[in-house]
Structure formats: C-alpha cells, structure tokens
Amino acid sequence: MAGGFCFATAGMLIPVLVLKARKFAVLYTMGSVFTLSSFSFLWGPVSHFKHLISTERLPFTAAYVGSLLATLYSGLSLHSTILTILFVTIQIVALLWYLASYIPGGTTGLAWLSKFFGKAVTKTVSSSLV
C-alpha cells in the first residue's frame, strides 16, 4: 500500500520531472523499496533475502539495489536531472524484470516486449534521421 502511494505520488510529478527530479527520485525509490519490502513480509525477511542473493537472482539484486542507490545519489547529492532520469529508467526495468520473473512465462514475455519496442524505436529513429 505504501509502495503504491509513493508510486502514485511520483507519477503525479512526471509532468514536472525536469523541475522536480529530486522529489520524483526520492518518491519513486521509496515506492520501489516498499514494493520489495512487501515481498519480504510475504515470504519472511530471511528467506526473501536468501532468495535475492541466490545465484540466479544475484544479477537482478545487484542491478536493482545499484539503481536505487545511484538514483538517490544522483538526485540528492549530484543534483543531476539527466543521471536521475537514467537511473530511474534502470530502476523501472529492474523492477519489471523482478515482477515478471514470478509470473510463469513472464521473463519470456518481457524479453519479447522489449525486443518488439526496441525494433519499433530503432525503426522510428532511423526513419526520422533519413
């Protein structure tokens, strides 16, 4: 519930992201932390932590925690809007990867969607540059 509240509040700041990047970063990162914490409450903190540092989950954990810390650092210490947006994007991808990995066929579907959108973006960008 707290994660949803933080995500919704951060979502309201998207139109003014350039002006309020730090507030967005903090709210979105807190939403991510609360969402991840909710899994700890469901599974139990120790078993969830063991699961996160297991061999197959370690790349996700490193990407996710790294993006959380990098978002906060770039937004609160460096005051860099560009880096904040970059790390929030990485955070979104890592969170989607995490959530999709628990749905049967979710990672396959996510890989297909990313390939589909990647081709669409490449086609659009290349046609507008010509």
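Only a predicted model underlies this, so the values are computations on that prediction, with no experimental measurement involved. (Residues numbered from 1 in each chain as written. Predicted model: local features only at pLDDT ≥ 70, side-chain atom pairs only at ≥ 80, totals over all residues. Heavy atoms only, no water.)

Student: Please give an account of the overall build of the chain that cites residues and values.
Tutor: Looking only at helices and strands, the chain features six helices and zero strands. Listed N to C, the secondary structure of the chain is α-α-α-α-α-α in terms of helices and strands. Out of the 130 residues in the chain, the part that is buried amounts to 30%. In the chain, 58% of the contacts between residues at least 6 apart in sequence involve partners at least 24 apart. (Helix = DSSP H or I, 4+ residues; strand = E, 2+ residues; numbered from the N terminus. Buried < 20%, exposed > 50% of the residue type's maximum accessible area, 1.4 Å probe, protein only. Contact = heavy atoms within 4.5 Å.)

Student: Describe the nonpolar core, listing the residues and the values that go with them.
Tutor: Phe24, Tyr28, Leu36, Phe39, Leu52, Phe60, Tyr64, Leu68, Val88, Ala94, Leu95 and Tyr98 together form the largest nonpolar core, which totals twelve residues. Those elements that place two or more of their residues in this core are α2 (21-43), α4 (58-77) and α5 (81-100). Ala94 has contacts with Phe60 and Tyr64, leaving out every residue within four places of it along the chain. (Core = buried A, V, L, I, M, F, W, Y, C linked by side-chain atoms within 4.5 Å.)

Student: Explain α4 residue by residue, including any values.
Tutor: Look at α4: 27 Å from first C-alpha to last across 20 residues, which is about the 28 Å you get at 1.5 Å a residue. Every buried residue belonging to α4 is among Phe60, Thr61, Tyr64, Ser67, Leu68, Ala70, Thr71, Ser74 and Gly75, and all of these are buried. Contacts made by the buried residues of α4 are with α2, α3 (45-52) and α5. In the segment just after α4, His79 is the residue with positive phi, at about 55 degrees. (Expected span 1.5 Å × (residues − 1).)

Student: A description of the packing of aromatic side chains should follow, citing residues and the corresponding values.
Tutor: Ring pairs (aromatic) are described by centroid distance and by the angle formed between their planes. With the rule as written, the count across this model stands at three aromatic pairs. Between the aromatic rings of Phe60 and Tyr64, the centroid separation amounts to 5.2 Å while the plane-to-plane angle is 20 degrees, which identifies the pairing as stacked. With Phe60 and Tyr64 both in helix α4, this residue pair falls four residues apart, about one helical turn. Assessed through its relative accessible area of 3%, Phe60 is described here as buried. Summarising the aromatic geometry, the rings of Trp112 and Phe116 are spaced 5.5 Å apart at their centres and angled 10 degrees between planes, so their arrangement reads as stacked. Of the two residues, Trp112 and Phe116 are both situated in helix α6 (residues 106-129); the distance of four residues between them amounts to about one turn of the helix. (Phe/Tyr/Trp six-rings, centres within 6.5 Å; stacked < 30°, edge-to-face > 60°.)

Student: Describe the packing of α2 against α4, listing the residues and the values that go with them.
Tutor: Packing of α2 against α4 leaves a shortest axis separation of 9 Å and a crossing angle of 155 degrees. When the axes of α2 and α4 are compared, the pair comes out roughly antiparallel. Judged by the twist between their axes, the crossing of α2 over α4 is left-handed. Between α2, through Arg22, Ala25, Val26, Thr29, Ser32, Val33 and Leu36, and α4, the contact on the second element is made entirely by Tyr64, Leu68, Thr71, Leu72, Gly75 and Leu76. Among the residues forming the contact of α2 with α4, the class breakdown is eight nonpolar, four polar and one charged. (Axes fitted to C-alpha atoms, helices over the stretch in contact; angles between N-to-C directions. Parallel < 35°, antiparallel > 145°, perpendicular 65-115°, else oblique. Left-handed = near helix turned anticlockwise from the far one by under 90°. Nonpolar A, V, L, I, M, F, W, Y, C, P; charged D, E, K, R; others polar.)

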